[in-house]
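In case you want the letters, here they are:
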Amino acid sequence: QVQVVESGGGSVQTGGSLTLSCTASGFTISRACMGWFRQAPGKEREGVARVSEAGVYLADSVKARFTISRDNAKNTFDLRMPVLKPEDSGFYYCAARVGAVCDGFRISTYEYWGQGTQVIVSS
């Protein structure tokens with residue numbers, strides 16, 4: 001069964017840190033496009049970061065602050081957020097396109113989605 005599940009969300013103050021993890025099953029993330037997206041209240045879902053064999057890409061809004069990594073042995077995909085701001089608040093989703101390289105943040109190109117994990121950053 002193909003599935004991605006997020007974990008690691010929580011509530012922190014401005015400047016705090018969180019690391020989100022995406023655990024994949026039913027496929028190998030090293031040969032997939034893995035993406036992190038987020039959605040704040042009243043806003044559209046936006047791409048945060050993605051990685052595949054084609055390389056790593058982070059959105060301009062987070063590239064100076066966030067990093068992503070893959071642990072192929074554990075089949076996990078992490079989003080490290082060491083310095084959070086209130087505007088980072090929202091639900092974060094892991095998404096995947098199996099057996100593919102990433103090609104942008106178009107929602108329709110990601111075929112599997114996790115349930116989301118909430119990040120709250122208080123000022």
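Residues numbered from 1 in each chain as written. Predicted model: local features only at pLDDT ≥ 70, side-chain atom pairs only at ≥ 80, totals over all residues. Heavy atoms only, no water.

A. How the structure looks around the sheet that holds strand β7 (residues 67-71). If you trace the 4 strands from one edge of the open sheet to the other, you get β1-β3-β8-β7, paired in antiparallel fashion. Looking at which strands have only one partner, the edges of the open sheet turn out to be β1 (3-7) and β7. Looking at each pair of strands side by side, their axes are set apart by 20° on average, direction ignored. (Pairing = 2+ DSSP bridges. Helix = DSSP H or I, 4+ residues; strand = E, 2+ residues; numbered from the N terminus. Axes fitted to C-alpha atoms, helices over the stretch in contact; angles between N-to-C directions.)

B. Structural detail: the pattern of salt bridges. Considering all chains together, one arrives at 4 salt bridges under this definition. Here D60 ties to K63 by a salt bridge, and the two come within 3.1 Å at their closest N and O atoms. Across the pair D88 and R65 runs a salt bridge, and its minimum N-O distance is 2.7 Å. Placement of D88 in the loop between β8 (76-81) and β9 (90-98) and of R65 in the loop between β6 (55-58) and β7 is noted, with a sequence separation of 23 residues between them. R65 matches D88 in its accessibility class, with the two residues each being buried. The structure contains a network of salt bridges with shared partners spanning R38, E46, R65 and D88. (Salt bridge = Lys/Arg side-chain N within 4 Å of Asp/Glu carboxyl O. Buried < 20%, exposed > 50% of the residue type's maximum accessible area, 1.4 Å probe, protein only.)

C. Fine view of the state of the cysteines. What the rule picks out here adds up to 2 disulfides. With its sulfur 2.0 Å from that of its partner, C22 forms a disulfide with C94. The chirality of the disulfide connecting C22 with C94 is left-handed, given an S-S dihedral of about -70°. Residue C22 is located in strand β3 (residues 18-25), and its partner C94 is located in strand β9; the two are separated by 72 residues in the primary sequence. (Disulfide = S-S within 2.5 Å.)

D. Molecular detail of the nonpolar core. By size, the foremost hydrophobic cluster in this structure holds 28 residues, and its most contacted members are M34, W36, F66, F77, L79, M81 and Y92. Taken together, the elements giving at least two residues each to this core come down to β3, β4 (32-39), β5 (46-52), β8, β9 and β11 (117-122). Counting residues per element, this core draws most heavily on β3, which supplies 4 residues. Setting aside chain neighbours within four positions, we find F66 in contact with R38, V48, L58, L79, R80, M81, P82, V83, L84, D88 and Y92. Of all hydrophobic cores here, the second largest spans 5 residues; its members include C33, F37, C102 and Y110. (Core = buried A, V, L, I, M, F, W, Y, C linked by side-chain atoms within 4.5 Å. Contact = heavy atoms within 4.5 Å.)

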